[in-house]
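One letter stands for each residue in the lines below.
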Amino acid sequence: MKRKHIIMVAGLLVCSMLAGCGSGGDEPSRGSGQAAEQSGTPGDGSDSGSGGNSGENADGSAGGSVEEIAFPLKETWTVEAFAFSNTGQELDKTLTMQKLEERTNIHWDLTTFSQAELDEKRNLSFNGGDYYDVYIKSGISSVDTYKYAAQGIIIPLNDLINQYMPNLKKKLDEQDIWGNITSADGNIYALPELDGPGLSAPAVYINTVWLDKVGKEMPKTKDEFYDVLCAFRDGDPNGNGEQDEYPIYCPNGAVSMLMPIFGIAMDWNTMSMYDHDTGSITYVPTSQEYKEFLEFMARAYEEKLVNQDCYSATWEDINAIGATQDALGVIPTWGVYQHVGTERDEDYDAILPFDGAHSVPAGKGVQYGGLVITDKCEHPELICAWADYLYTEEGAVLGIMGVEGETYTLDDDGKYHWIEDGEWGADQNAIRNSALLVGWYPAPLGEAVLYSEGLDNPEELFLLQQRKRLLEYAADEYPSLSWSEEELEEKADLVTAINSYVDQYQSLVVTGAYDLESTWEEYLANLSSMDLERLQEIDRAAYDRWLSERQ
């Protein structure tokens with residue numbers, strides 16, 4: 001009989017394949033090959049990070065264990081990879097990636113895609129067979145990772161982590177989060193981004209200067225929110241005499257980010273809400289709460305309280321608007337400064353969930369899918385040793401803050417300050433987009449102590465204060481559910497079809513193509529015909545197991 005594995009699963013998009021992981025040119029490099037955290041400046045040639053204490057093969061290539069890898073390699077080694085294109089900078093042109101190449105002599109030949117095309121291009125590359133050696137910052141989900149791993153495309157990393165990633169292994173042990181990155185067959189297929197406990201989703205921010213201009217207070221109910229949006233539309237809060245304000249601005253995919261303020265505490269991994277006291281689980285897209293949310297958003301769209309391109313606009317679009325005009329009222333986002341700059345970000349305050357609901361998502365600070373490796377990569381051990389450095393304090397600082405003297409300075413009190421109007425950008429947002437690995441999609445990164453403890457920037461302190469305030473309204477803990485191998489195989493196919501239909505229906509209702517009342521029952525019936533009940537049964541069983549383990 002086939003043995004069933006019950007393993008923890010993490011919660012939560014072409015092109016031709018170039019040459020496989022092979023050796024490249026003869027570019028100069030600097031770096032290190034130590035297997036534990038040590039001191040030193042990123043890229044300065046000091047021994048730090050991971051990769052091994054002793055030796056390398058005669059040709060400088062990787063050997064079979066951590067002791068046999070030493071960075072920098074004697075010859076440049078090239079990896080073909082798929083990646084998200086940072087806003088304003090190709091990922092391989094960032095300071096972080098340049099310094100990593102110097103210390104390892106690993107060159108990343110990256111094909112990058114924008115946020116709007118990422119999902120489609122990533123999945124096309126896998127399904128078409130022309131896939132890459134590595135997918136870094138690709139936005140891949142745990143379900144998709146398992147699907148392609150089951151096909152033998154994405155390789156397991158368990159042994160590689162044990163042999164070549166002592167720094168990541170240490171963090172997984174200390175934080176007890178192995179289960180958050182382990183798939184249904186007992187394997188780990190993706191390296192995580194670790195950023196510490198806190199909010200696990202964007203917040204919703206409102207322009208408080210506009211509130212004063214239109215004589216309104218912070219909305220505490222859905223009706224008050226509607227009144228504020230109408231005042232933003234009609235009251236000329238930016239004072240230019242034109243009706244050019246966006247009461248709400250949502251790029252594609254952001255409409256659902258508004259749900260927490262409406263009291264919907266949805267776990268994106270299962271699309272469900274939980275009440276651990278009663279043991280109840282509610283599938284959000286069929287709930288009365290979700291229907292009322294759609295009703296509100298359809299009215300908002302019809303009355304031009306939300307941007308009319310909310311299902312096609314990009315984050316680049318909102319950045320362009322915020323950089324050139326005072327036109328944004330409500331924004332669902334991780335940080336407002338990313339869109340309106342550091343001069344005006346404190347004009348925005350986080351909206352608390354209406355009626356005091358506890359619906360703000362919070363988590364352990366484990367983001368899934370920072371890096372996966374395929375069977376086309378000839379030396380996955382090199383990739384793992386390369387990535388392990390980013391789980392050291394020094395490497396995390398490089399990925400999150402850059403290099404002292406180039407992107408930030410440190411004062412005598414250990415506080416850091418961004419070097420604005422420098423080579424890498426005019427402000428912290430521009431620096432992040434042009435110089436760093438962190439941002440937008442998870443990357444293989446650890447948490448940097450300096451970034452949190454050395455914080456002295458007023459914009460970031462303000463953002464931290466806002467997010468801490470929201471944690472008082474955190475939802476019930478989202479369970480780290482477990483599925484059997486057979487359950488997850490069945491679940492993967494169901495989720496792909498059902499989620500696509502749910503997203504399509506939302507967009508058609510909100511934009512007015514479908515009438516909510518006359519199509520709701522048909523929508524529910526269609527979901528039922530797609531075996532939604534079976535998907536709910538699978539998740540119900542997983543949730544019951546989780547509840548029993550807590551007792």
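Residues numbered from 1 in each chain as written. Predicted model: local features only at pLDDT ≥ 70, side-chain atom pairs only at ≥ 80, totals over all residues. Heavy atoms only, no water.

### Some points on the packing of aromatic side chains
Applying the stated criterion across every chain, the model contains 27 aromatic pairs. Centre to centre, the rings of Trp520 and Tyr523 are 5.2 Å apart; their planes meet at 40 degrees, and the pair counts as tilted. With Trp520 and Tyr523 both in helix H17 (residues 516-529) and three residues apart, this pair spans about one turn of that helix. Among the residues examined, Trp520 registers a relative accessible area of 5% and is labelled buried. By way of ring pairs, the aromatic residues Phe82, Phe113, Phe126, Tyr131, Tyr132, Tyr135 and Tyr148 are connected into one cluster. Lying over the aromatic face of Tyr226, Arg299 brings its terminal NZ or CZ to 3.8 Å of the ring centre. (Phe/Tyr/Trp six-rings, centres within 6.5 Å; stacked < 30°, edge-to-face > 60°. Helix = DSSP H or I, 4+ residues; strand = E, 2+ residues; numbered from the N terminus. Buried < 20%, exposed > 50% of the residue type's maximum accessible area, 1.4 Å probe, protein only. Lys NZ or Arg CZ within 6 Å of the ring centre and 35° of its normal.)

### Considerations on the side chain of Asn307
Summarising the element assignment, Asn307 is placed in the loop between helix H8 (288-302) and helix H9 (315-324). By relative accessible area, Asn307 is classed as buried at 2%. Looking at Asn307, its side chain comes within polar contact range of the main-chain nitrogen of Cys250, at 2.8 Å. Those residues in contact with Asn307 that sit more than four places away from it in its chain are Tyr246, Ile248, Tyr249, Cys250, Tyr301 and Ala313. (Polar contact = N/O pair within 3.5 Å; in protein donor to acceptor, adjacent residues only side chain to side chain. Contact = heavy atoms within 4.5 Å.)

### Examining the environment of Val204
Take Val204: it is sitting in strand S8 (residues 203-207). You can call Val204 buried: its relative accessible area is 3%. It is 9.4 Å that separates the C-alpha atoms of Val204 and Pro353, two residues lying 149 residues apart in sequence. Excluding residues that lie within four positions of it along the chain, Val204 makes contacts with Met257, Leu258, Ile261, Val330, Ile331, Pro332, Asp349, Ala350 and Ile351.

### Here's the deal with the pairing of strand S15 (residues 366-373)
By the criterion of burial, S15 is predominantly enclosed, with seven of the eight residues buried. Pairing between strand S5 (residues 134-136) and S15: three bridges, direction antiparallel. Counterpart to Val134 in the pairing with S15 is Ile373. The pairing of strand S6 (residues 191-194) with S15 spans three bridges and is classified as antiparallel. When the sheet's bridge partners are listed, Leu191 is paired in S15 with Leu371. (Pairing = 2+ DSSP bridges.)

### Considerations on unusual backbone geometry
Following Phe71, the chain continues to Pro72 via a peptide bond in cis, the omega torsion being 5 degrees. Turning to its location among the elements, Pro72 is positioned in the loop between strand S2 (22-23) and strand S3 (77-84). Here the phi dihedral of Asp531 falls at roughly 70 degrees; this positive angle occurs in a residue that is not glycine. The residue Asp531 is located in the loop between H17 and helix H18 (532-550) in this model.

### Some details on the confidence of the model for the chain
Low pLDDT marks stretches whose predicted atomic positions should not be read closely. Per-residue pLDDT for the chain has a mean of 84; in total, 87% of the residues score no lower than 70. In the model, residues 1-67 has pLDDT below 50 throughout and makes 230 contacts with residues more than four positions away in sequence or in other chains. (pLDDT = per-residue confidence, 0-100.)

### Brief notes about the environment of Lys222
Here Lys222 shows up in helix H7 (residues 222-234). Each residue touching Lys222, except ones within four places of it in the same chain, is listed here: Phe262, Glu292, Phe296 and Phe354.

### Re the environment of Leu488
One can find Leu488 in helix H16 (residues 485-510). As a C-alpha pair, Leu488 and Asp539 span 51 residues in sequence and 9.8 Å in three-dimensional space. Non-local contacts of Leu488, meaning those with residues more than four positions away in its chain, are made with Tyr146, Ser183, Ala184 and Trp483.

### Here's the deal with the pattern of salt bridges
All chains considered together, the criterion is met by 16 salt bridges. Salt-bridge contacts for Lys99 lead to Glu102; the nearest nitrogen and oxygen are separated by 3.7 Å. Highlighted residues: Lys99 and Glu102, both in helix H1 (residues 95-104), separated by three residues, approximately one helical turn. Since its relative accessible area comes to 25%, Glu102 is described here as partly exposed. Notably, a salt bridge pairs Arg534 with Glu490, separated by 2.9 Å at the nearest N-O pair. Placement of the pair is Arg534 in helix H18 and Glu490 in helix H16, with a sequence separation of 44 residues. In this structure Glu490 comes out as partly exposed when scored by relative accessible area, which is 33%. Linked through salt bridges whose partners overlap, the residues forming this network are Asp119, Arg122, Asp144 and Lys147. (Salt bridge = Lys/Arg side-chain N within 4 Å of Asp/Glu carboxyl O.)

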